[in-house]
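Observations on chain architecture
This is what each chain is made of:
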Amino acid sequence: MEEEIPLYLQLIGYSLAVTGSTAFIPQILKVWRSKSGEGLNFSMFTILDFVTSLISAFCIKSGLQYSTWLELLVTNIQVFIIHLLARYYLNQTKKITTLIICKCILVAGLALLPLPYIKLGMNCLLPMMVYNKTAMAYKHYKDKSLGQMAGATLYMQYFQFSGRIFTVLMTGSTAFLPPMLLNWIYQSVFVAQYLWYKKDGTKEEEEKKKE
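Residues numbered from 1 in each chain as written. Predicted model: local features only at pLDDT ≥ 70, side-chain atom pairs only at ≥ 80, totals over all residues. Heavy atoms only, no water.

For the rest of this paragraph, the subject is the overall build of the chain. For the chain, the count of helices and strands is 9 helices and 0 strands. The N-to-C order of helical and strand elements in the chain reads α-α-α-α-α-α-α-α-α. Every one of the 211 residues in the chain was classed for burial, and the buried ones make up 36%. When contacts within the chain are restricted to residue pairs at least 6 apart in sequence, long-range pairs at least 24 apart make up 81% of them. Looking at the chain as shown, the accessible area adds up to about 13000 Å², and 68% of this sits on carbon and sulfur atoms. (Helix = DSSP H or I, 4+ residues; strand = E, 2+ residues; numbered from the N terminus. Buried < 20%, exposed > 50% of the residue type's maximum accessible area, 1.4 Å probe, protein only. Contact = heavy atoms within 4.5 Å. Areas by Shrake-Rupley, 256 points an atom, 1.4 Å probe, with all protein chains shown as cover.)

Right under this line is the structure:
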């Protein structure tokens, strides 16, 4: 008989699911309001799109409950919208067309690909994540800015990863702990960079006003 999950952990789980499913909405709104795609890390969104697509396909084909993949699928859609909007405001029509074609090929390929091959692809996720997030952190450091990254998105993701670690520890599902910890560490770095460079930017604006 399976042990019943305590109510408070269920409530935390629901709140994390909502946070994870809506984390990129502030980023969509920021790009839409600014009418600009400048400063966004397109390689990050491309890799995140692929990763969330692959994991969603794996969960669906494995017959897992919708609660395990619905959040990822919603995130995947949001990331794709951000990518399209940013390219649109940069007047990159050809890249938008290429992006849509590649997305269709990816979805069709994952739908037709047998589960064992998708499992092989899952083995590449950790190195891809490490490369992607390390490259992001270095770019932020080099540019002394996070570009158009929305602070609300960063905070929501930080809350999500922190909560996931807590629930994993409380439920004893330690198999998921290493990737959760890794994501949390990287997200902590991004939040720290955001606060630091935002502070520097505020100082520069104040100095310009004085001049």
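Picking up after the structure, the text goes on.
Geometrically, a packed helix pair is captured by the angle between its two axes and the distance between the axes. The contact between helix H1 (residues 7-22) and helix H4 (residues 66-89) brings their axes to 8 Å, and the two run at 20°. When the interaxial angle is binned, H1 and H4 end up roughly parallel. Together, Leu16, Ala17, Gly20, Ser21 and Thr22 of H1 and Glu71, Val74, Thr75 and Gln78 of H4 make up the contact between the two elements. Its residues assigned to classes, the contact of H1 with H4 shows 3 nonpolar, 5 polar and 1 charged. (Axes fitted to C-alpha atoms, helices over the stretch in contact; angles between N-to-C directions. Parallel < 35°, antiparallel > 145°, perpendicular 65-115°, else oblique. Nonpolar A, V, L, I, M, F, W, Y, C, P; charged D, E, K, R; others polar.)

Let us look at the side chain of Thr153. Within the secondary structure, Thr153 sits in helix H8 (residues 151-171). Here Thr153 falls in the buried class, since its relative accessible area comes to 0%. Of the polar contacts made by the side chain of Thr153, one reaches the backbone nitrogen of Gln27; its length is 3.4 Å. Those residues in contact with Thr153, other than ones at most four positions away along the chain, are Ala23, Phe24, Pro26 and Gln27. (Polar contact = N/O pair within 3.5 Å; in protein donor to acceptor, adjacent residues only side chain to side chain.)

Another aspect to go through is a nonpolar patch on the surface. Taken together, Tyr66, Leu70, Leu73, Ile77 and Ile81 make up a surface patch of nonpolar side chains, about 450 Å² in accessible area. Locating Ile81 in the fold gives a position in helix H4. Relative accessible area serves as the criterion here: at 35%, Ile81 is assigned to the partly exposed category. (Patch = residues over 30% accessible without salt bridge, like charges linked within 9 Å, V, L, I, M, F, W, Y side chains within 5 Å. Salt bridge = Lys/Arg side-chain N within 4 Å of Asp/Glu carboxyl O.)

Attention now goes to H4. For H4, built from 24 residues, the straight-helix expectation of 34 Å at 1.5 Å per residue is met to within 8% by its first-to-last C-alpha distance of 34 Å. Positive backbone phi, at 60°, marks Asn91, one or two positions downstream of H4. (Expected span 1.5 Å × (residues − 1).)

What follows deals with unusual backbone geometry. One non-glycine residue, Asn91, adopts positive backbone phi at about 60°. Along the chain, Asn91 falls in the loop between H4 and helix H5 (93-112). Classification of Asn91 by relative accessible area gives exposed; the value is 69%. With a phi close to 55°, Lys144 is a non-glycine residue in the positive phi region.

The next subject is the pattern of salt bridges. Under the criterion given, the structure shown has 3 salt bridges. A salt bridge links Lys139 to Asp143, with the nearest nitrogen and oxygen atoms 2.8 Å apart. Here Lys139 and its partner Asp143 are both found in helix H7 (residues 125-143), 4 residues apart, which amounts to about one turn of the helix. Residue Lys139 is classed as partly exposed on the basis of its relative accessible area of 29%. A residue is classified by how much of its surface remains accessible, and Asp143, at 38% relative accessible area, is partly exposed.

What follows deals with the packing of helix H3 (residues 42-61) against helix H6 (residues 115-122). Packing of H3 against H6 leaves a shortest axis separation of 10 Å and a crossing angle of 140°. Classed by the angle they form, the pair H3 and H6 counts as oblique. Classified by chirality, the crossing of H6 by H3 is left-handed. Contacts between H3 and H6 pair Leu54, Ile55, Ala57, Phe58 and Lys61 from the former with Leu115, Ile118, Lys119, Gly121 and Met122 from the latter. Among the residues forming the contact of H3 with H6, the class breakdown is 7 nonpolar, 1 polar and 2 charged. (Left-handed = near helix turned anticlockwise from the far one by under 90°.)

All right, on to the environment of Met122 then. Its place among the elements puts Met122 in helix H6. Sequence-wise, Met122 and Leu54 are 68 residues apart; in three dimensions their C-alpha atoms are separated by 7.3 Å. Leaving out residues up to four positions away in the same chain, Met122 has contacts with Leu54, Ile55 and Phe58.

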